[in-house]
Amino acid sequence: MTAPDATSPAATSPPATSWRDSLAVYLQPRVLIVLFLGFSSGLPLALSGSTLLVWMREAGVDLKTIGLFALVGTPYTLKFLWAPLVDALHVPLFTRAFGRRRGWLLFSQLLLIVAILLLAMTDPARSPFYVALGALLVATTSSTQDIVVDAFRVESLPEGEQAAGMAAYVAAYRIGMLVSTAGALFIVSGFESTGVTRNSAWMWGYVVMAAMVLIGTITALVATEPEQSVRAEAATQTETAFARVLHAAIGAFSEFLSRKDAMAALAFVVLFKFTDAFSGTMTAPFVIDLGFTRNDYAAIVKGVGLAATLIGGFAGGFVARRYSLATALWIGGVVQALANLSFSWLAVAGASQWALAFAITCENFTSAVGTVIFVAYLSALCQNPLHTATQYALLTALAAVGRTYLSSGAGFVADTTGWPLFFVICVLVAIPSLVLLTWLQKRGHFEALGPVRV
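Residues numbered from 1 in each chain as written. Predicted model: local features only at pLDDT ≥ 70, side-chain atom pairs only at ≥ 80, totals over all residues. Heavy atoms only, no water.

Draft legend 1. Representation of the overall build of the chain. When its secondary structure is counted, the chain shows 25 helices and zero strands. For the chain, the share of sequence-separated contacts (at least 6 apart) that also reach a separation of at least 24 residues comes to 84%. (Helix = DSSP H or I, 4+ residues; strand = E, 2+ residues; numbered from the N terminus. Contact = heavy atoms within 4.5 Å.)

Draft legend 2. Region of interest: the environment of Arg-102. As for its placement among the helices and strands, Arg-102 is situated in helix 7 (residues 100-120). Discounting residues that sit within four places of it in the chain, Arg-102 has contacts with Phe-152, Ala-220, Leu-221, Ala-223, Thr-224 and Glu-225. At a separation of 2.9 Å, a polar atom in the side chain of Arg-102 contacts the main-chain carbonyl oxygen of Ala-220. (Polar contact = N/O pair within 3.5 Å; in protein donor to acceptor, adjacent residues only side chain to side chain.)

Draft legend 3. Representation of the pattern of salt bridges. Enumeration according to the criterion identifies six salt bridges in this entry. With its nearest N and O atoms 3.1 Å apart, the salt bridge here joins Arg-57 to Asp-289. Here Arg-57 is found in helix 3 (residues 50-58), whereas its partner Asp-289 is found in helix 15 (residues 274-289), with 232 residues between them in sequence. Taking relative accessible area as the criterion, Asp-289 reaches 35% and is therefore assigned partly exposed. Measuring nitrogen to oxygen at the nearest pair gives 2.7 Å for the salt bridge that ties Lys-273 to Asp-276. With respect to burial, Lys-273 and Asp-276 carry one shared label: buried. The structure contains a network of salt bridges with shared partners spanning Glu-58, Glu-192 and Arg-198. (Salt bridge = Lys/Arg side-chain N within 4 Å of Asp/Glu carboxyl O. Buried < 20%, exposed > 50% of the residue type's maximum accessible area, 1.4 Å probe, protein only.)

Draft legend 4. Structural context of helix 23 (residues 419-428). Residues of helix 23 that are buried include every one of Trp-419, Phe-422, Phe-423, Cys-426 and Val-427, and no others. Looking down the long axis of helix 23, one finds its buried residues gathered within 150° of arc, a one-sided arrangement. In this structure, the buried side of helix 23 is in contact with helix 4 (63-68), helix 15, helix 17 (325-338), helix 18 (341-349), helix 22 (410-417) and helix 24 (431-442). (Arc of directions from axis to C-beta.)

Draft legend 5. Examining the confidence of the model for the chain more closely. Within the chain, residue pLDDT values average 81, and 83% of them lie at 70 or more. Across the chain, element-level confidence peaks in helix 24 with a mean pLDDT of 95 and bottoms out in helix 1 (residues 19-24) with 56. (pLDDT = per-residue confidence, 0-100.)

Draft legend 6. Local environment of a nonpolar patch on the surface. On the surface, a cluster of nonpolar side chains totalling about 650 Å² of accessible area is made up of Val-334, Leu-338, Leu-341, Leu-421, Val-424, Leu-428, Ile-431 and Val-435. Mapped onto the nonpolar patch, the elements with two or more residues apiece are helix 17, helix 23 and helix 24. Per-element tally for the nonpolar patch: the top contributor is helix 23, with three residues. With respect to the element layout, Leu-341 can be found in helix 18. Here Leu-341 falls in the partly exposed class, since its relative accessible area comes to 40%. (Patch = residues over 30% accessible without salt bridge, like charges linked within 9 Å, V, L, I, M, F, W, Y side chains within 5 Å. Areas by Shrake-Rupley, 256 points an atom, 1.4 Å probe, with all protein chains shown as cover.)

Draft legend 7. The arrangement of the packing of aromatic side chains in detail. Counted according to the given criterion, the structure contains 20 aromatic pairs. An angle of 55° between the planes, with centres 5.4 Å apart, marks the rings of Phe-268 and Phe-272 as tilted. Classification of Phe-272 as buried rests on a relative accessible area of 1%. Taken together, a centroid distance of 5.5 Å and an interplanar angle of 80° make the contact between Phe-268 and Tyr-377 edge-to-face. Of this pair, Phe-268 sits in helix 14 (residues 262-271) while Tyr-377 sits in helix 19 (residues 353-381), and the two are 109 residues apart along the sequence. Using a relative accessible area of 0% as the deciding quantity, one classes Phe-268 as buried. Judged by its relative accessible area of 0%, Tyr-377 is buried. (Phe/Tyr/Trp six-rings, centres within 6.5 Å; stacked < 30°, edge-to-face > 60°.)

Draft legend 8. Quick peek at helix 22. What helix 22 keeps buried is the set Ala-410, Gly-411 and Ala-414. End-on, the buried residues of helix 22 take up no more than an arc of 100°, which puts them together on one face. In this structure, the buried side of helix 22 is in contact with helix 4, helix 15 and helix 23.

Draft legend 9. Region of the structure containing unusual backbone geometry. Phi is positive for Leu-93, which is not a glycine, with a value near 75°. Along the polypeptide, Leu-93 turns up in the loop between helix 5 (74-88) and helix 6 (94-98). On the basis of relative accessible area, Leu-93 is assigned to the exposed category, the value being 74%.

Draft legend 10. Representation of the packing of helix 15 against helix 23. One can describe the packing of helix 15 onto helix 23 by two numbers: an axis separation of 9 Å at closest approach and a directional angle of 165°. The angle between the axes of helix 15 and helix 23 places the two elements in the roughly antiparallel class. Here helix 15 runs over helix 23; the crossing is left-handed. Only Trp-419, Phe-422, Phe-423, Ile-425, Cys-426 and Val-427 of helix 23 make contact with helix 15, whose side of the interface consists of Thr-275, Phe-278, Ser-279, Met-282, Pro-285, Phe-286 and Asp-289. In the contact of helix 15 with helix 23, the residues fall into ten nonpolar, two polar and one charged. (Axes fitted to C-alpha atoms, helices over the stretch in contact; angles between N-to-C directions. Parallel < 35°, antiparallel > 145°, perpendicular 65-115°, else oblique. Left-handed = near helix turned anticlockwise from the far one by under 90°. Nonpolar A, V, L, I, M, F, W, Y, C, P; charged D, E, K, R; others polar.)

Draft legend 11. Quick look at the environment of Leu-111. Within the secondary structure layout, Leu-111 lies in helix 7. Each C-alpha atom, one on Leu-111 and one on Ser-142, is 8.9 Å from the other, the two residues being 31 residues apart in sequence.

Draft legend 12. Layout of the side chain of Thr-217. Within the element layout of this structure, Thr-217 appears in helix 11 (residues 214-222). Once residues lying within four places of it in the same chain are set aside, the contact partners of Thr-217 are Leu-106, Gln-109 and Ile-113.

Draft legend 13. A look at the packing of helix 5 against helix 8 (residues 128-156). The geometry of helix 5 relative to helix 8 is characterised by a closest axis approach of 9 Å and an angle of 50° between their N-to-C directions. Considered as vectors, helix 5 and helix 8 are oriented oblique to each other. In terms of crossing hand, the pair formed by helix 5 and helix 8 is right-handed. Contact residues: helix 5 offers Pro-75, Tyr-76, Lys-79, Trp-82, Ala-83 and Val-86, while helix 8 offers Leu-136, Ala-139, Thr-140, Ser-142, Ser-143, Thr-144, Asp-146, Ile-147 and Val-148. Of the residues contributing to the contact of helix 5 with helix 8, the split by class is nine nonpolar, four polar and two charged.

Draft legend 14. Representation of the environment of Glu-155 within the structure. On the secondary structure map, Glu-155 appears in helix 8. For the pair Glu-155 and Glu-225, spaced 70 residues apart in sequence, the C-alpha to C-alpha distance is 9.2 Å.

This is how it looks when you write it as structure tokens:
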């Protein structure tokens, strides 16, 4: 998923609207289209991530291998490389029949369905290589869908509906993730209760998840091609596809790298959420190892966790509005790191549902606070309207480096240290990002970005 954008202060204050008008905007057809596309974007992420890790742990796959499976998230890190291709190239048959954005959207969703079905046919106990290949295909098609949905959302919504569209998108994205985590686990348990084998239950659970992608496909068929996309297509008809790709890619990278302290800012983007990523990679096997059932994981980790995440999002928005960007980043960075200590306490306390609920609430709440503030920072870095989409794809891809590459060794650390000490180490890995934050603050980096509104 691409993180929600922040906006610059308007020259004049918008006219006041009643609460009825504020609610009515969410029922606009364009906003509803974005809402359902948000669900489609959020659905596949866990199918190659946390849900898959639960399946693998139940199949007896060792912790070291599970930790290495963080690498299948590579497409989310590298999606900026083919984002210009999605902008410039046409999909045979699809583009002609449905338009520039809708054609890519339908094409990527059909590929996503096929990828999830292929992953469903694998067996983690016998062929982890094919599981990794299937998960990689799911991540690739999912990240491609994200690129298209982000472009479609920005181009289809007028200025007055952008905020409502983003709110709807984020909420639906979280619901999609809940369906593919807690929902998928309950579905697997349901199939297993009918007498089918565990691996068959997991297979049918993934088949149901593949069918859920059709919600986004139907939405794309109902939607209309954004007018901005139609105009952009007409304006670039005289250029070759290669020229369009080249102009978008070179302009975005050169403009960003020419800024003061650009490399330090990019390193900070990589490391800020690393503390979350390092612990999050091992949360699923930790909960299973502690003695909790699959349904406990679904109900508490994903159910209670979703509520804590939504509340934390509001809290993060308050912090970002109340304090300067640098101060808000300090608050978000510290609290999301310290929350890992609640898992160390849980490892000592044992398999108590109340203790798990407390730890999950702390972790999800503080993670959401940090994420919202981080979103404001990423948005502030994308100041050139000519290159916003490509630059944002680059930044969000870099932000995924911690989750994908740096976290791949988490299984080895957990296996060596044990769970209580592992989560203490998760706190310590936040220190490099806080050091960079101090350095950037002293260099006047945040003042140069100007005021930021979330």
